[in-house]
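Summary of structural features
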Amino acid sequence: MADPTLAEMGKNLKEAMKMLESSQRRTEEENEKKPLSEDIPGPLQGRIQNIGEQGHMALLGHSLGAYISTLDKERLRKLTTRILSDTTLWLCRIFRYENGCAYFHEEEREGLAKICRLAIHSRYEDFVVDGFNVLYNKKPVVYLSAAARPGLGQYLCNQLGLPFPCLCRVPCNTMFGSQHQMDVAFLEKLIKDDIERGRLPLLLVANAGTAAVGHTDKIGRLKELCEQYGIWLHVEGVNLATLALGYVSSSVLAATKCDSMTLTPGPWLGLPAVPAVTLYKHDDPALTLVAGLTSNKPSDKLRALPLWLSLQYLGLDGIVERIKHACQLSQRLQENLKKVNNIKILVEDALSSPVVVFRFSQELPSSDTVSKAVPAPSVAPSAIGRERQSCDALNRWLGEQLKQLVPASGLTVMDLEVEGMCVRFSPLMTAAVLGTRGEDVDELVTCIQSKLPVLTCTLQLREEFKQEVEGTAGLLYVDDPNWPGIGVVRYEHANDDKSSLKSDPEGEKIHAGLLKKLNELESDLTFKMGPEYKSMKSCIYIGMASDDIDISELVETIAVTAREIEENSRLLENMTEAVQKGIQEAQSQLQKANEERLLEEGVLRQIPLVGSVLNWFSPVQTSQKGRTFNLTAGSLESTEHTYVYKVQGTGVTPPPTPSGFHSKPRLPGQKPFKRSLRGSDAMSETSSVSHIEDLEKVEHLSIGPEQSSPEAPSPEQPPGDPCAQVSQTEVLQNKTQHPADDHPQVEEPESLR
């Protein structure tokens, strides 16, 4: 008997649980002082915080199984048989699958592959002897739903050695019923066609909760059809977890009559490293042994040990409570989203599916008028495709933002064939692991409501931005529907080759400087630079916006700033070229001056000893000569004036600096590109006066001193003081002749004044 062994193992488990509880308390005390993620280096950092005691129990089962495998063969056989039978009995009772057998496997699809092998052995009596020849004479057919998880059919063919024509994808309902449920009438037609062609309908895989949206097929009707044609019916899906609840929908309850089903209790109950289970009904143990569903190896039976320990730890009430909590979370989110505008719930299952799929959707006011004004044949399909891609980009942005703001929700972003990009909430697969609560669902709804104004305003500002860019010289609007922002723009410089798609170094330099200038403005907008779609030319990508963005000011700022950057770069290039030419000309003139000096002084004065004697008796009166390059005038001048009078020449008055873009006057603290609040009813009576006064001050300062009234006297000097006027004139002349960044001037002698 295995009772003494079980009793001894139970005693050891109690001691292990005491150790786990004490270590758990110590861990919680340490977590209050410092985060657990700091203690775990590498890729495991911060990823095992929510294991819990039931998770430790499941992990303990793996190490305990290694110790049990060292027992003698007889005790090991009895113990493993008891563990396997108990786990199978508990699972069949919990999920209402009477008189079933269980196969435990690590890979979720492995159980279905073994079920297919069992069906082949059951329908082909000579398969063990003849093998492939039997299948060649009468090809088997495996029916899969079009909504099945990707790669399932290819996996089955690879595991069974079957060609891909043995797979038959059954379409879902498109005219009547759900778009994610299998079309039963079309399936029956496919079965009849295969029988007429001499094929053998072998197995049908139905869904009790599709991988994408959690829809359940009409399993009751499918079961009747399979019994009529002798087809094996296998069911899988997340909705099978609801079989443990008190109330189960009739469609899911029909799965208890199928030939086999695959369960994944690990994600449902938050148990790490727990195997998946395939429950099946078959009376021939020899065929199940050949198919690989049963094994005489104790190590294969020990796969159930982690689940055996976890089920005992949780108990029936704990299992039901976790599944019920996940279903309540999905219902809570679905009810709250129905009250939110511009959020469309794609799958409103009458059978209360525990999966919620939603997306942002808004019809622009002008879309109806445009659709009515334009005839249907003239609407280009490419425009419809771009509109869908644009909406998909916004929903992708929304999903990523929600995942970051509420990580405990376990949201995923997926792309559906018909609906497009959507956000999915499946608490049965994530709530137990992440510890999702009802407060997290409420926070998720709040975050969705906070992001809706940004999505709505961005969608409305896109057309205005496009029109402004197309009406501005030097800017090109780039149509990139995959960008979830206001839009994409590119500045076309003078040397831009519009017909070429190759890289443009000059354009990249201009756009890099433009991006830096825009980010320095510290506005609420985000600016990025990236290549245009199917092109290597640089562009400016503008992110999401709120409703108070002035698009005209934004586009004007981009155009003027890019133009200034281009002009400055050209000015620098021209200056560099002029300086190089001036240096070459100065070198040639200095060389000529040296030759002239030799001719004037004579050869004797160049001899060291003789030249010193001659210079002592008859000194030569020479002046220091040099050359200076005037950057303002672009000319080469002599330095004789500087050495004689000890002062630099004034040169030519520099041209005035081109005035760049003057932004609109803003109130103190107002960020760039914000619409002005003047004349707005939103200002209060007490603050409107001060705001207008501040705005007038900003406008007065933006006019500049050169436009101020010349008749305004200085408060320190009388209006008629000529000295003050002379001093002001001299100051203005000095400022005009010598900019602030030049060297300080040396006082001229009295003879020059």
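Counting of residues starts from 1 at the beginning of each chain's written sequence and follows it residue by residue. At least 70 in pLDDT is required for a residue's local features to be given in this predicted model, at least 80 for side-chain atom pairs to be given and counted, and no such filter applies to totals for whole chains, interfaces and linings, which use all residues. Values reported for side chains reflect all heavy atoms of the structure, with hydrogen atoms and water molecules removed beforehand.

**Considering the confidence of the model for the chain**
Here is the rule: For every residue, the predictor states its confidence as a pLDDT score lying anywhere from 0 to 100. The contact rule is simple, with two residues in contact once any of their heavy atoms fall within 4.5 Å.
The pLDDT averaged across the chain works out to 76; a share of 66% of its residues lies at or above 70. Predicted confidence is poor over residues 677-692, with pLDDT under 50, and the contacts of this stretch with residues over four places away or in other chains come to ten contacts.

**Observations concerning the packing of helix H3 (residues 73-94) against helix H14 (residues 305-337)**
Put simply, the test is: Between N-to-C directions, angles cover 0 to 180 degrees, with each direction set by a line fitted to C-alpha atoms, over the stretch in contact for helices. In this text, helices come from DSSP runs of H or I with a minimum length of four residues, and strands from runs of E with a minimum of two, each type numbered from the N-terminal end. By definition, turning the near helix anticlockwise from the far helix through less than a right angle yields a left-handed crossing, and turning it clockwise yields a right-handed one. Under the grouping applied here, Gly and all other residues not named as nonpolar or charged are polar, the nonpolar ones being Ala, Val, Leu, Ile, Met, Phe, Trp, Tyr, Cys and Pro and the charged ones Asp, Glu, Lys and Arg.
H14 packs onto H3 with a crossing angle of 35 degrees between their chain directions and a minimal axis gap of 10 Å. Relative to H14, H3 is oriented so that their crossing is left-handed. On the side of H3, the interface is formed by Ile 83, Asp 86, Thr 87, Trp 90, Leu 91 and Ile 94, while H14 contributes Leu 305, Leu 307, Trp 308, Leu 311, Gln 312, Leu 316 and Ile 319. A per-class count over the contact of H3 with H14 returns ten nonpolar, two polar and one charged.

**Digging into the sheet that holds strand S3 (residues 167-170)**
Under the convention used in this document: Strand pairing follows a simple DSSP-based rule, namely that at least 2 bridges must link the two strands.
The seven strands lie next to each other as S1-S7-S6-S5-S4-S2-S3, forming an open sheet whose pairing is mixed. With partners counted over all chains shown, the strands left at the sheet margins are strand S1 (101-105) and S3, one partner each. Strand-to-strand twist of the sheet, defined as the mean angle between neighbouring strand axes without regard to direction, takes the value 20 degrees. Relative to strand S7 (residues 276-280), strand S6 (residues 260-263) is paired through four bridges, and the arrangement is antiparallel. Looking across to S7, one finds that Leu 263 is bridged to Val 277. Seen against the sheet, helix H4 (residues 110-123) touches S1, strand S4 (200-207), strand S5 (232-236), S6 and S7 and runs at an angle of roughly 155 degrees to S4. Relative to S5, helix H9 (residues 219-229) is tilted by about 160 degrees, and along the sheet it contacts S4 and S5.

**Here's the deal with the sheet that holds strand S11 (residues 420-425)**
Pairing between sheet strands relies on hydrogen bonds along the backbone, with the strands arranged either parallel or antiparallel. With respect to topology, four strands assemble into an open sheet ordered S8-S9-S11-S10, the strand pairing being antiparallel. Edge positions in the sheet fall to strand S8 (343-345) and strand S10 (412-416), since each of these pairs with one other strand and no more. If you compare each strand with its neighbour and ignore which way they point, the axes differ by 40 degrees on average. With five bridges connecting them, S10 and S11 associate as antiparallel partners. Directly across from Met 414, in S11, lies its bridge partner Cys 422. Along the sheet, H14 makes contact with S8, strand S9 (356-360) and S11, crossing S9 at roughly 30 degrees.

**Comments concerning a nonpolar patch on the surface**
How we decide: Like-charged residues are merged into a patch within 9 Å and nonpolar side chains (Val, Leu, Ile, Met, Phe, Trp, Tyr) within 5 Å, provided each residue has over 30% relative accessible area and no salt bridge. Computed by Shrake-Rupley with a 1.4 Å probe, the accessible areas treat only the displayed protein chains as cover when residues are assessed. Every case where a carboxyl oxygen of Asp or Glu lies within 4 Å of a side-chain nitrogen of Lys or Arg is listed as a salt bridge. Using a 1.4 Å probe on the protein chains alone, a residue whose accessible area is under 20% of its type maximum counts as buried, one over 50% counts as exposed, and one in between counts as partly exposed.
Taken together, Val 128, Val 129 and Val 290 make up a surface patch of nonpolar side chains, about 320 Å² in accessible area. Looking at the element boundaries, Val 129 is found in helix H5 (residues 127-130). For Val 129, a relative accessible area of 72% translates into the label exposed.

**Regarding the nonpolar core**
Cut-off, in case you're wondering: Residue types Ala, Val, Leu, Ile, Met, Phe, Trp, Tyr and Cys, when buried and joined through side-chain atoms within 4.5 Å, form a set referred to as a nonpolar core.
One finds Tyr 143, Leu 187, Leu 204, Val 235, Leu 240, Met 261 and Ile 323 to be the most contacted residues of the largest nonpolar core, which totals 63 residues. Ranked by residue count, the leading element in this core is H14, at seven residues. In contact with Leu 204, not counting residues within four places along its chain, are Tyr 143, Met 182, Leu 187, Leu 222, Cys 226, Ile 231, Trp 232, Leu 233 and His 234. If you look at the next biggest cluster of nonpolar residues, it comprises 28 residues, including Leu 112, Cys 116, Leu 156 and Leu 293.

**Section: the packing of aromatic side chains**
The geometry of an aromatic ring pair is captured by the separation of the ring centres together with the interplanar angle, meaning the angle of the planes. To keep things clear, this is the line we draw: Here a Phe, Tyr or Trp ring, Trp counted by its six-membered ring, pairs with any other such ring whose centre lies within 6.5 Å, and the pair is stacked when the planes are under 30 degrees apart, edge-to-face when over 60, and tilted otherwise. Remark: a charge is flagged as sitting over a ring if the NZ atom of Lys or the CZ atom of Arg is within 6 Å of the ring centre and within 35 degrees of the ring normal.
Summed over all chains, the structure comprises five aromatic pairs. Judged by centre distance (5.9 Å) and plane angle (55 degrees), the ring pair of Phe 95 and Trp 268 falls under tilted. Taken as a pair, Phe 95 in the loop between H3 and S1 and Trp 268 in helix H11 (residues 265-269) lie far apart in primary sequence, 173 residues in all. Overall, the relative accessible area of 4% leaves Phe 95 in the buried class. Taking the centre distance of 5.1 Å and the plane angle of 75 degrees together, the rings of Trp 483 and Tyr 541 count as edge-to-face. Of this pair, Trp 483 sits in the loop between strand S12 (475-478) and strand S13 (487-491) while Tyr 541 sits in strand S15 (residues 538-542), and the two are 58 residues apart along the sequence. Exposure class is identical for Trp 483 and Tyr 541. Each is buried. When the ring centre of Tyr 155 is taken as reference, the NZ or CZ atom of Arg 109 above it lies at 4.3 Å. Directly above the aromatic system of Tyr 97 lies the positively charged group of Lys 281, at a separation of 4.7 Å from the ring centroid.

**A look at the pairing of S5**
Here is the key point about a regular strand: its side chains alternate between the two faces of the sheet. Cut-off, in case you're wondering: Crossovers are marked right-handed if the path from the first strand over the helix to the second runs clockwise, as seen with the strands pointing away from the viewer.
Counted residue by residue, S5 has five buried out of five residues, so it is predominantly covered. Of the two faces of S5, the one holding Trp 232, His 234 and Glu 236 and the one holding Leu 233 and Val 235 are both buried throughout. In this sheet, S5 lies alongside S4 in parallel orientation, the contact comprising five bridges. When the bridges of S5 are listed, Ala 206 appears paired with Val 235. The β-α-β motif built from S4, the intervening H9 and the parallel element S5 has right-handed crossover chirality. The pairing of S5 with S6 spans three bridges and is classified as parallel. For Val 235, the partnering residue across the bridge sits in S6 and is Met 261.

**As for the side chain of Thr 436**
To keep things clear, this is the line we draw: Throughout this description, a polar contact denotes any pair of N or O atoms lying within 3.5 Å of each other; where both atoms belong to protein, one of them has to be capable of donating a hydrogen while the other can accept it, and for residues adjacent in sequence the pair is counted only when both atoms sit in side chains.
With respect to the helices and strands, Thr 436 occurs in the loop between helix H17 (427-434) and helix H18 (438-470). Note on Thr 436: relative accessible area 3%, which makes it buried. A polar contact is formed between the side chain of Thr 436 and the backbone oxygen of Ala 408, at a distance of 2.5 Å. With residues near it in sequence (within four places) discarded, Thr 436 still touches His 325, Leu 329, Ala 408, Ser 409, Thr 430 and Ala 431.

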